[in-house]
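Fold and geometry: a report
Okay, here's what each chain looks like letter by letter:
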Amino acid sequence: MRSEYQKSCIKLLSSIFWICLIAGKLSGQTNDEITRELSKIDSIIIKENLQDTVRNQDWDEIRIQTKKGNTKSSDEWNGIKTKADWQKYSQAKIANLKSSLGKFPEESTQINFKVFKTLPGDGYTIDCLAFESRPGLWVSANLYRPSKKSPGHPGIIICSAHHTPKENGELQDMGAIWARAGCLVLVPDNLGHGERRQHPFDGPDSFSRPFRLSRQDYYFRYDIGIQLQLLEESLMGWMYWDIHRGVDLLLAQKNIARNKIVLLGAVAGGGDPAAVTGALDHRIAVVAPFNFGGPQPETKYPLPPDAETSFNYAGGGSWESTRNLRLSLKDGFLPWVIVGSIAPRKLIYGHEFSWDQANDPVWKRLQKIYQMYESSDAVGFTTGKGSVKGSSPEDTHCTHIGRKHRQNIHVLLEKWLDIRGVTDTPIDRLSSETLKCFKTKTDRDNHPVKIQGHLERLAGLQVENASRKYPIPMSEKTLESYKQDWINKLGPFHPTMEAIETKREVLKQGNMLITKVLLKTEKERHLPLILLENAGLKNSLANIAIMVSQGGKKNLLENRQKEIASLLEAGFSVCLPDIRGSGELKTGSSRGRTSSATSLSSSLMMSDGIRLSGQLRDLQSVLGWLKKQPKIGSPRFLLWGDSPAKACANTTDFNLPRDDDSLFPTQPEPMGGLLALLGALFNDEIKTICVHGGLASYASVLEHHLVQIPHETVVPGIFNLGDLALLANSLTKKTIFFDQMVDGLNREISGKMLEKTYTLGGSPSPNMHFGKASIKNIMEYHLK
């Protein structure tokens, strides 16, 4: 048996030998010569006959998952025969819904509110007030009261559309007409809207160039939604809680009829939170969600005869997170289930334009549900005319809930709640400025509406909890627990099959062997890669560098030529795969709010995972394929995560309207770095990690109202896993090099600042290196 001293000597001599190989340049070519050869490589592998198949493989996966979810939901529905069946089913689905929305403050019927002023009207008054929804977070609102006091006032909450805040004329009309009829009508600002906006664009002079002022609140919902998802919260969850607390506010008023609370959800985004709140808050007697649950304004009519089986009950993903609820497809709380779960309480099924009532499969299901409760007269509808694409007087466009849409609401509220004497006539509308609540800085300071500080504090608490759960250095048991929690977070990321070569082409340029391969990694998924080897070495696969970038192999060959040449010169093989969403497999031409990449990512969140899970699965397939290569032995892998995005200057102005994503500064592209760290966590063969231009922390995404990271790099609940610093610190058996790391706005972070961020447990981890390192230095560490 060899002594430990002898083993150490052998290991040292082995390292010296390898370092000598590097110094000796056994490849027979200089770095410059290899670089010139690299520039000649054609990186395209997927030829025209396969381009359509590969281009559609991401969306084909979404279509398959959506169809599967719709079929499962319909099969479950077809198995429901009694009220008890429905109650058991819907209660389970609504529990899943609530769990998906995030965590909520402790329930309390006590509520803090402040009336700033009261405005007189003809038969009503308006309180301009704010109420505290969460500790230290306030909601601005207008509360319309009848001038004539009487016992048993019904209460109405109007959840406005994303078009305008609470001061809109249509909202004033509704507040006045129902207040005159004896109701208390609460019209709050939605989170991110009106006096609760999180961005700086509050007037036409707030930016130097013309922009769409009225759309900024709506567009910036995207940013709020992502920031909340990082905390494993949701925009829908926070909107629900605001309305829930609005019910508390109404119930705290004198002479309120506790059994006559009505929730109206306007067109264009108001119906979504209204339906969710109606399903969760059983104190609400009547719910009227517009454009939610079934056919949408964009749905083509007439519906087909087979609508019951062909209708897309789940919907699809987009940048607007309240439309495509996370995990809704996986956990079965599809929009129709949410609306149906309002039963047996009263429901008004609202449609902004013409509606194919006879063939709407959701309407048929709602009718059957209410029949199970023997309450068929407790479900009604209201509808408009024409089409969303039309512009004639017959096309009933509205901002929130138009007069045409209110007609049947009046009929049903009189029938169900005895709300009589409604005169739906125009009123003398007030200016927006008059209806605002916060007039002074003191008002705003004492009743804060900005969520940035709240989110940063919540993230800090989650990171602290993670640090206590996973103390550094991690024991083997703790590391396994940490890995399992990542698995739970990511969802399935192990390949479903062994990668198969469907195309292979081998070329030789100088002393470089170039292998172009198209892998089939899943049933209907392909992945192109290039493997570069030093033809002058017999054992070129003993050390393999896998380089991953959002720009794909083409970008790496163009922008990392010197690094690739140095690796080859040192005797490494270099593998350049196009992970899904990158290179030849990129989704669309942009990565911003309205991009197809964002829609795809949000669609995945509805089902069984996140985009990063599939990308990690691709990396695992590549590793598996490499390990199966002939004469490979036991390779040591270096995983290189790169970014094609050039960092922004620290002086960059990020206070820009969200009209056009193409005008924004360069986004960070952290996919390569994230995969490098996660790949190392789950693969012992990876000995060295190099991250260039990666995201330093997700916490930095919370520091500004603008979110610049691509949607598909969002990891819901990342702070419960300690952010990226804890991930890096879990890799104590690997050597990690960080260079040119950036924050959430794509501004470079200094090595010293990054080292401070990544120092956990009192002292910097000796396996981490910050700042630019030479390839020679990286090789020396890798070969030790």
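An account of the accompanying structure is given in this report. The written sequence of each chain sets the order in which its residues are numbered from 1. Given that the model is predicted, a residue must reach a pLDDT of at least 70 before its local features are reported, and side-chain atom pairs must reach 80 or more before they are shown or counted; all residues, however, enter totals for whole chains, interfaces and linings. Processing note: side-chain calculations cover all non-hydrogen atoms of the structure and skip hydrogens and water entirely.

So, on to the overall build of the protein chain. Of the regular secondary structure elements, the protein chain holds 27 helices and 18 strands. Each radius of gyration reported is based on C-alpha atoms, and the globular scaling rule is 2.2 Å times the count of residues to the power 0.38. Taken over the C-alpha trace, the protein chain has a radius of gyration of 30 Å; the compact-globule value for 784 residues is 28 Å, and the two agree within 12%. Counting only C-alpha atoms, the protein chain reaches 95 × 60 × 55 Å along its principal axes. Going through the 784 residues of the protein chain one by one, you find that 59% of them count as buried. Residues are treated as being in contact if the distance between any of their heavy atoms lies within 4.5 Å. Relative to all contacts within the protein chain whose residues are 6 or more apart in sequence, the contacts with residues 24 or more apart total 76%. Residue burial considers only the protein chains on display, and all accessible areas are found by Shrake-Rupley using a 1.4 Å probe. When the accessible surface of the protein chain is split by element, carbon and sulfur atoms take 51% of a total near 31900 Å². Under this rule, positive means Lys or Arg and negative means Asp or Glu; His and the chain ends count for nothing. A charged residue contributes its charge at one atom only: NZ of Lys, CZ of Arg, CG of Asp or CD of Glu. With 98 positive and 86 negative side-chain charges, the protein chain shows a spacing of 3 Å between the two charge centroids. The numbering of helices and of strands both runs from the N terminus, where a helix is a DSSP run of H or I of at least 4 residues and a strand a run of E of at least 2. For each residue, the accessible area found with a 1.4 Å probe, counting protein chains only, is set against the maximum for its type, and the residue is called buried under 20%, exposed over 50%, and partly exposed in between.

Turning our attention to the side chain of T277. Tracing the backbone shows T277 in helix α10 (residues 271-280). Residue class for T277 comes out buried when judged on its relative accessible area of 0%. Excluding its chain neighbours within four sequence positions, the residues that come into contact with T277 are Y240, I243, H244, L263 and I284.

Aromatic contacts are taken between Phe, Tyr and Trp rings whose centres are within 6.5 Å, Trp giving its six-membered ring; a plane angle under 30 degrees counts as stacked, one over 60 as edge-to-face, and the others as tilted. According to the stated counting rule, one finds 28 aromatic pairs in the structure shown. Pairing Y124 with Y144 gives two aromatic rings, centres 6.2 Å apart and planes at 40 degrees, and the pair type is tilted. With a gap of 20 residues between them, Y124 in strand β2 (residues 124-134) and Y144 in strand β3 (residues 137-146) connect regions that are remote in the sequence. Y144 matches Y124 in its accessibility class, with the two residues each being buried. With centroids separated by 5.1 Å and ring planes inclined at 80 degrees, the aromatic side chains of F738 and Y758 adopt a geometry described as edge-to-face. Linking F738 in strand β17 (residues 735-739) with Y758 in helix α26 (residues 751-758), this pair joins segments that are 20 residues apart in sequence. Here F738 and Y758 have matching classes, each one buried. Joined through ring pairs, the aromatic side chains of W77, W86, Y89 and W336 make up one cluster.

This brings us to the packing of helix α5 (residues 83-101) against α10. Where α5 meets α10, the closest approach of the two axes is 10 Å, and the angle between their N-to-C directions is 120 degrees. Taken together, the axes of α5 and α10 lie oblique to each other. For the pair α5 and α10, the crossing hand works out as left-handed. Facing α5, whose interface residues are I94, L97, K98 and L101, α10 presents V276, A279 and L280. Lines fitted to the C-alpha atoms define the axes, with helices restricted to the stretch that makes contact. Angles between their N-to-C directions range from 0 to 180 degrees. In this scheme, roughly parallel covers angles under 35 degrees and roughly antiparallel covers those over 145, while 65 to 115 is roughly perpendicular and the rest are oblique. Note: crossing handedness is left-handed where the near helix turns anticlockwise from the far helix by less than a right angle, and right-handed where it turns clockwise.

This part covers helix α24 (residues 671-682). Residue count minus one, scaled by 1.5 Å, sets the expected span of a helix. Its 12 residues give α24 an end-to-end C-alpha distance of 17 Å, which sits within 8% of 16 Å, the value for a rise of 1.5 Å per residue. Taking burial as the measure, the 12 residues of α24 include 12 buried ones, the bulk of the element. Where α24 is concerned, the buried positions are M671, G672, G673, L674, L675, A676, L677, L678, G679, A680, L681 and F682.

Okay, the sheet that holds β17 next. At least two bridges found by DSSP between two strands are what make those strands a pair. The sheet built from 9 strands is open, its strands ordered β10-β11-β12-β14-β13-β15-β16-β17-β18 with mixed pairing. Of all strands in the sheet, those bounded by a partner on one side alone are β10 (500-509) and β18 (768-770). Across the sheet, the mean angle from the axis of one strand to that of its neighbour is 15 degrees, orientation sign disregarded. Relative to β18, β17 runs parallel, the two being bridged by 3 bridges. Looking at the pairing, F737 lines up with H769 of β18.

Before going further, it helps to spend a moment on the packing of helix α4 (residues 57-78) against helix α22 (residues 596-606). Two elements in contact, α4 and α22, have axes separated by 10 Å at closest approach and are oriented at 35 degrees. With respect to the hand of their crossing, α4 and α22 are arranged in left-handed fashion. Residues D58, W59, E61, I62 and Q65 of α4 lie in contact with α22, whose contacting residues are S596, S599, L600, S603 and L604. Throughout this entry, Asp, Glu, Lys and Arg are counted as charged residues, while Ala, Val, Leu, Ile, Met, Phe, Trp, Tyr, Cys and Pro are counted as nonpolar. The remaining residues, Gly among them, count as polar. Its residues placed into classes, the contact of α4 with α22 shows 4 nonpolar, 4 polar and 2 charged.

The 9 strands lie next to each other as β1-β2-β3-β5-β4-β6-β7-β8-β9, forming an open sheet whose pairing is mixed. Edge strands, defined here as strands with exactly one partner in the open sheet, are β1 (113-120) and β9 (379-383). Within this sheet the neighbouring strands show an average axis-to-axis angle of 20 degrees, counted without direction. Where strand β8 (residues 346-351) lies against β9, 5 bridges are found, and the strand directions are parallel. Within β9, the residue paired with I348 across the bridge is G380. Packing against the sheet, helix α9 (residues 235-251) makes contact with β1, β2, β3, β4 (153-159), β5 (184-188) and β6 (256-265), and its axis sits at approximately 125 degrees to β2. Sheet strands in contact with helix α14 (residues 361-372) are β8 and β9, and its direction is about 170 degrees off that of β8.

The next thing to look at is the environment of D58. With respect to the secondary-structure elements, D58 resides in helix α4. Given the relative accessible area of 7%, D58 is considered buried. Here the alpha-carbon distance between D58 and A459, two residues 401 residues apart in the chain, equals 32 Å. D58 has contacts with R525, R580, L585, T587, L600 and R611, leaving out every residue within four places of it along the chain.

Another aspect to go through is the nonpolar core. Residues W486, I546, Y698 and F738 are the most contacted members of the largest nonpolar core, which totals 85 residues. The element that contributes the greatest number of residues to this core is α24, accounting for 9 residues. Among all residues touching Y698, those that are not within four sequence positions of it are L230, L674, I709, T713, V715, I718, F719, D723 and L724. As used in this record, nonpolar core signifies buried Ala, Val, Leu, Ile, Met, Phe, Trp, Tyr and Cys residues forming a set joined through side-chain atoms within 4.5 Å. In terms of nonpolar packing, the next biggest core, distinct from the first, is built from 62 residues, W86, A141, Y313 and W336 among them.

Below, the discussion takes up the side chain of K553. On the secondary structure map, K553 appears in helix α20 (residues 552-559). Among the residues examined, K553 registers a relative accessible area of 1% and is labelled buried. Contacts of K553, omitting those with residues within four sequence positions, involve S43, I45, P528, I530, L576, D578 and E584.

Now for unusual backbone geometry. A negative phi angle is the norm for most residues apart from glycine, just as the trans form is the norm for most peptide bonds. Cis geometry is found at the peptide bond from A343 to P344, where omega equals 5 degrees. Locating P344 in the fold gives a position in the loop between α13 (335-340) and β8. The linkage connecting I472 with the following residue, P473, adopts the cis geometry, with an omega of -5 degrees. Looking at where P473 falls in the secondary structure, it is placed in the loop between α18 (452-469) and α19 (476-490). Positive phi is not limited to glycine here, since N255 has a value of about 60 degrees. In this fold, N255 is placed in the loop between α9 and β6.

What follows is about helix α27 (residues 775-782). Where α27 is concerned, the buried positions are I775, I778, M779 and H782. Seen end-on, α27 carries its buried residues on one side only, within an arc spanning 100 degrees. Think of the arc as the fan of directions from the helix axis to the C-beta atoms.

Looking now at the pairing of β5. Moving residue by residue along a regular strand, the side chains alternate between the two faces of the sheet. The buried fraction of β5 amounts to 5 of the 5 residues, a majority that puts the element mostly inside the structure. Every second residue of β5 is oriented toward a common face, with L184, L186 and P188 on one face and V185 and V187 on the other, all of them buried. Bridge analysis of β3 against β5 gives 4 bridges, and the strand direction is antiparallel. Residue pairing for β5: L143 is matched across the bridge by L186. Relative to β5, β4 runs parallel, the two sharing 3 bridges. Across the sheet, the residue bridging to I157 is L186, located in β5. Think of it like this: strands point away, you trace from the first strand over the helix to the second, and a clockwise trace means the crossover is right-handed. Regarding topology, helix α6 (residues 169-180) serves as the crossover connection from β4 to the parallel β5, and that connection is right-handed.

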